Amino acid sequence: ATVNGTSYAYSLGAATKYYWRVAAINAGFTSEYTAAFNFTTSGSAAATVPTQVAPPNKGTNQPSLLSLKVNRTADASRYQWQVSNMPSFTVLYADEVTADTAYPGQFTGGQTFYWRVRGLNDLGQTAYSQIDTFSVMAPPSRTTLVSPATGSINVVSDSVFFTWRVVGNAVSYNLQLSTINSSVTYTTTDTMYRVNGLAKLTNYTWKVEAINAGGTSFY
């Protein structure tokens with residue numbers, strides 16, 4: 001945390017040893033950190049089971065970049081997150097511990113996930129929460145290129161219109177245009193993109209990928 005004064009207040013978990021240090025900052029420079037001090041908060045083993053907040057249980061069409069969230073509990077200093085493709089949790093997709101009440105995850109599009117959380121401190125941990133589930137939006141299918149046709153010659157370089165087929169669940173597209181020496185990517189929500197001022201007498205290759213909240217298609 002960055003503050004202007006010489007004190008800082010923060011709500012910490014129970015029964016946990018913490019370490020803290022401070023660096024001073026001015027315009028453009030930061031000092032070395034002080035030596036670390038430590039202290040231990042009072043309390044007993046974590047007992048309050050966290051409650052899931054987001055995403056909604058059985059939520060569908062969730063984005064692939066998704067933060068799982070729980071309510072903060074007074075007796076936990078950290079939270080253990082377990083995510084699986086199986087309700088039995090015999091194989092884990094993720095098993096992480098955070099000090100925050102949110103876990104930022106990247107999940108595979110078109111799949112269903114099960115998740116649970118428990119609170120921890122230095123003296124013990126709670127039972128796991130109930131098992132919630134969510135489904136991630138399926139990524140788009142691959143588009144089909146239309147023009148200029150592959151192998152075309154004598155294409156006017158001053159203004160080239162690239163077109164491809166619409167993909168029903170796509171919200172945007174990446175057009176990648178390459179020569180043997182360089183590559184550039186253009187992003188658009190349309191199925192046509194105009195590029196001006198290409199080099200003359202030069203061979204170009206091009207391909208397109210479709211994008212939505214669930215991920216990207218193959219090019």
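This is a predicted model, so every value here is computed, not measured.

Undergrad: Run through the sheet that holds strand 10 (residues 102-106), naming residues and quoting values.
TA: Sheet strands line up and pair through hydrogen bonds in the backbone, either parallel or antiparallel. The 3 strands are arranged 5-7-10 in an open sheet whose pairing can be described as antiparallel. Where the open sheet ends on each side, the last strands, each with one partner, are strand 5 (52-54) and strand 10. The sheet shows a mean angle of 30 degrees between the axes of neighbouring strands, direction not considered. Here strand 5 pairs with strand 7 (residues 65-70) via 2 bridges, running antiparallel. Residue pairing in the sheet places Gln-52 in a bridge with Val-70 of strand 7.

Undergrad: Hey, could you go over the environment of Lys-207 for me, with residue numbers and the actual values?
TA: Following the sequence through the fold, Lys-207 ends up in strand 19 (residues 205-212). Sequence-wise, Lys-207 and Tyr-219 are 12 residues apart; in three dimensions their C-alpha atoms are separated by 6.1 Å. Not counting chain neighbours up to four residues away, the residues in contact with Lys-207 comprise Leu-145, Asn-174, Leu-175, Gln-176 and Tyr-219.

Undergrad: Would you mind going over the packing of aromatic side chains in detail, with residue names and values included?
TA: If you walk through the whole model with that rule in mind, you get 13 aromatic pairs. Taken together through their ring pairs, the aromatic side chains of Tyr-93, Phe-107, Phe-113 and Phe-134 make up a single cluster. If you follow Arg-21 out to its NZ or CZ, it ends over the ring of Tyr-33, 4.1 Å from the centre. Residue placement shows Arg-116 over the ring face of Tyr-128; its charged tip is 4.3 Å from the ring centre.

Undergrad: Any chance you could break down the pairing of strand 16 (residues 172-178) for me, citing the residues and the numbers?
TA: Most of strand 16 sits inside the fold, with 7 of its 7 residues counted as buried. Going residue by residue along strand 16, you find Ser-172, Asn-174, Gln-176 and Ser-178 tucked away on one face and Tyr-173, Leu-175 and Leu-177 tucked away on the opposite face as well. For strand 16 and strand 19, the ladder comprises 7 bridges, and the chain directions are antiparallel. Directly across from Gln-176, in strand 19, lies its bridge partner Lys-207.

Calculation rules
Residues numbered from 1 in each chain as written. Predicted model: local features only at pLDDT ≥ 70, side-chain atom pairs only at ≥ 80, totals over all residues. Heavy atoms only, no water. Pairing = 2+ DSSP bridges. Helix = DSSP H or I, 4+ residues; strand = E, 2+ residues; numbered from the N terminus. Axes fitted to C-alpha atoms, helices over the stretch in contact; angles between N-to-C directions. Contact = heavy atoms within 4.5 Å. Phe/Tyr/Trp six-rings, centres within 6.5 Å; stacked < 30°, edge-to-face > 60°. Lys NZ or Arg CZ within 6 Å of the ring centre and 35° of its normal. Buried < 20%, exposed > 50% of the residue type's maximum accessible area, 1.4 Å probe, protein only.

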